[in-house]
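Fold and contact review
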Amino acid sequence: MKTTVFGKLPDGREVHRYLMANKAGVRVEIIDYGATITSLRVPDRNGKMDDVVLGYDSLEGYVQGTAYFGAIVGRYGNRIAKGKFQLDGKEYQLTVNDGENHLHGGRTGFNKVLWDANPAVSSEPSLEMQYVSREGEEGYPGTVTLKVRYELTDANELRIEYEGATERPTILNPTQHSYFNLSGDFTKTILGHQLMIESDSITPVDQGLIPTGQILNVENTPLDFRVPTAIGARIEDPDPQLAFGKGYDHNWVPRGAAGKVRKAAELFDPASGRLMTVLTDQPGIQFYSGNFLDGSAKGKGGIAYQRRTGLCLEAQAFPDTPNKPQFPSVTLRPGQVYRQTTIYRFSTR
Ligand code: BGC
């Protein structure tokens, strides 16, 4: 594990960058600001290594940025309607930072704070980060301690394990927000990537991207990714869900029981041959096709990230669960342990 200073926060604290590499030459760089993946270099079918995640060259980009590139998002990944929810009969008001709703933990979410890093070398390179989120932060009850452990295996898997605890009843639903472009060329869109999602249904949303509470079968809709399909093939189809999302920005419900790691999605770039398999124990997976990227974010190498030049596959609970009693719960109580395992596995075809 190599550690370097990545930059300094406006208050003077140093941000570090940790480099992990495996036997196959896969390299991942992570910074302790936002527990953010800043670079992930994986081989194409000819063995050529390229960075496949969007991000910035310097800390300033991450401090100013609004797209959550590579970060751990929390306490709650995705939206909570009007930032309101009730727990044990008490109503809580969270920060409203996305129209009238709460998004990705609020104004200063887990992506905008400095984590404590603890680089450890076990049999495989791994890095553990911890953040203590105080009671009242962004309106959330209970002080929460969240640990995230990144591990790079020799099977070219990036394993992400979460462990969380709280001092008072609260809600917790963190996720990893990397934007992938398997071509390694961030001037190209991801519309030619082929996606397969192991799922028969989504949680449809309204125009504020808040779930209606129903479960919608994907059959005969452009959200059917049961067989590998180019992302661009149907993204402009007239469909109310695509209109609300301005493209894909929905939660799919992977087959198989949550709580057990199972395959949720496969992303393939025919040009480079890179294949990414997403495995998770989470109830949902948000596929976001980078619709809100608009060229205003100047990324690595000075490239302006245009619309749909990266996509996210975020393993998490369903959006707005705290207001949807029929969705799998995100409540965490003292004495309970929040756990998540999500794996991004890289291979070629
Ligand atoms: C959400 C999008 C949101 C984006 C912010 C995604 O996880 O699904 O709606 O705009 O994050 O970068």
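Everything that follows concerns the structure shown earlier in this document.
Residues numbered from 1 in each chain as written. Predicted model: local features only at pLDDT ≥ 70, side-chain atom pairs only at ≥ 80, totals over all residues. Heavy atoms only, no water.

Observations concerning the site of the ligand
Residues in close proximity to the ligand total 13 residues, the closest being Arg79, His104, His177, Asp249 and Glu314. In this structure, His177 approaches the ligand through a side-chain N or O atom, which is 2.9 Å from an oxygen atom. A distance of 2.7 Å separates an oxygen atom of the ligand from a polar side-chain atom of Glu314. For the ligand, the protein covers 94% of the area, taking 310 Å² as the surface of the free molecule. The residue inventory of the shell around the ligand, partitioned by class, reads 6 nonpolar, 4 polar and 3 charged. (Near = heavy atom within 4 Å. Polar contact = N/O pair within 3.5 Å; in protein donor to acceptor, adjacent residues only side chain to side chain. Areas by Shrake-Rupley, 256 points an atom, 1.4 Å probe, with all protein chains shown as cover. Nonpolar A, V, L, I, M, F, W, Y, C, P; charged D, E, K, R; others polar.)

Notes on the pattern of salt bridges
Enumeration over the complete set of coordinates arrives at 23 salt bridges. Between Arg333 and Asp88 there is a salt bridge, with the nearest N and O atoms lying 2.9 Å from each other. Taken as a pair, Arg333 in the loop between strand 26 (331-332) and strand 27 (338-348) and Asp88 in the loop between strand 8 (84-87) and strand 9 (90-93) lie far apart in primary sequence, 245 residues in all. Judged by its relative accessible area of 31%, Arg333 falls in the partly exposed class. For Glu157, the salt bridge identified is with Arg345, shortest N-O distance 3.1 Å. Highlighted residues: Glu157 in strand 14 (residues 157-166) and Arg345 in strand 27, separated in sequence by 188 residues. The class of Arg345 is partly exposed, set by a relative accessible area of 32%. One salt-bridge network, in which partners are shared between bridges, spans Arg149, Glu151, Arg159 and Glu161. (Salt bridge = Lys/Arg side-chain N within 4 Å of Asp/Glu carboxyl O. Helix = DSSP H or I, 4+ residues; strand = E, 2+ residues; numbered from the N terminus. Buried < 20%, exposed > 50% of the residue type's maximum accessible area, 1.4 Å probe, protein only.)

Quick notes on the side chain of Asn111
Tracing the sequence through the fold places Asn111 in the loop between strand 10 (102-103) and strand 11 (116-121). Excluding its chain neighbours within four sequence positions, the residues that come into contact with Asn111 are Tyr33, Gly34, Tyr68, Ala71, Ile72 and His104. (Contact = heavy atoms within 4.5 Å.)

A closer look at the sheet that holds strand 24 (residues 284-288)
Read across the sheet, 5 strands follow the order 19-18-21-24-25 without closing on themselves; strand pairing throughout is antiparallel. At either end of the open sheet lies a strand with only one pairing partner, and these are strand 19 (216-217) and strand 25 (312-316). (Pairing = 2+ DSSP bridges.)

Looking at the packing of aromatic side chains
One pass over the structure, following the stated rule, counts 20 aromatic pairs. Ring centres of Trp252 and Phe287 lie 5.8 Å apart, and the angle between their planes is 45°; on these two criteria the pair is classed as tilted. With Trp252 in strand 21 (residues 249-254) and Phe287 in strand 24, this residue pair connects regions lying 35 residues apart in the sequence. Taking relative accessible area as the criterion, Trp252 reaches 0% and is therefore assigned buried. Through pairs of rings, three or more aromatic residues link up here, namely Phe6, Tyr56, Tyr62, Phe69, Tyr179, Phe186, Tyr288, Phe292 and Tyr305. Above the face of the Phe225 ring, Arg234 is positioned so that its terminal group lies 4.8 Å from the ring centre. Arg349 extends its terminal NZ or CZ atom over the ring of Phe268, reaching a point 5.8 Å from the ring centre. (Phe/Tyr/Trp six-rings, centres within 6.5 Å; stacked < 30°, edge-to-face > 60°. Lys NZ or Arg CZ within 6 Å of the ring centre and 35° of its normal.)

Considerations on the sheet that holds strand 2 (residues 14-21)
Judged by pairing direction, the sheet is antiparallel, and its 5 strands sit side by side in the order 1-2-3-4-5 without closing on themselves. Since the sheet does not close on itself, it has two edges, and those belong to strand 1 (2-8) and strand 5 (49-51), each with one partner. When the angles between neighbouring strand axes are averaged without regard to direction, this sheet yields 20°. Examined bridge by bridge, strand 1 and strand 2 share 6 bridges and lie antiparallel to one another. Bridge assignment links Thr4 to a residue of strand 2, and that residue is Arg17. (Axes fitted to C-alpha atoms, helices over the stretch in contact; angles between N-to-C directions.)

A short note on the pairing of strand 2
Between strand 1 and strand 2, which pair antiparallel in sequence order, lie 5 residues; one of them, Gly12, sits at a positive phi of approximately 95°. The sheet contact formed by strand 2 and strand 3 (residues 27-31) spans 5 bridges and is antiparallel. Each bridged residue has a counterpart across the sheet, and for Tyr18 the counterpart in strand 3 is Ile30.

Description of the nonpolar core
Counting residues in each nonpolar core, the largest one holds 54 residues, and the members touching the most others are Leu40, Trp115, Tyr150, Trp252, Phe287 and Leu313. Top contributing element to this core by residue count: strand 13 (residues 144-152), with 5 residues. Those residues in contact with Leu40, other than ones at most four positions away along the chain, are Val26, Arg27, Val28, Asp50, Asp51, Val52, Val53, Phe180 and Phe346. Ranked by size, the runner-up nonpolar core spans 19 residues in total, among them Leu59, Leu114, Tyr179 and Cys312. (Core = buried A, V, L, I, M, F, W, Y, C linked by side-chain atoms within 4.5 Å.)

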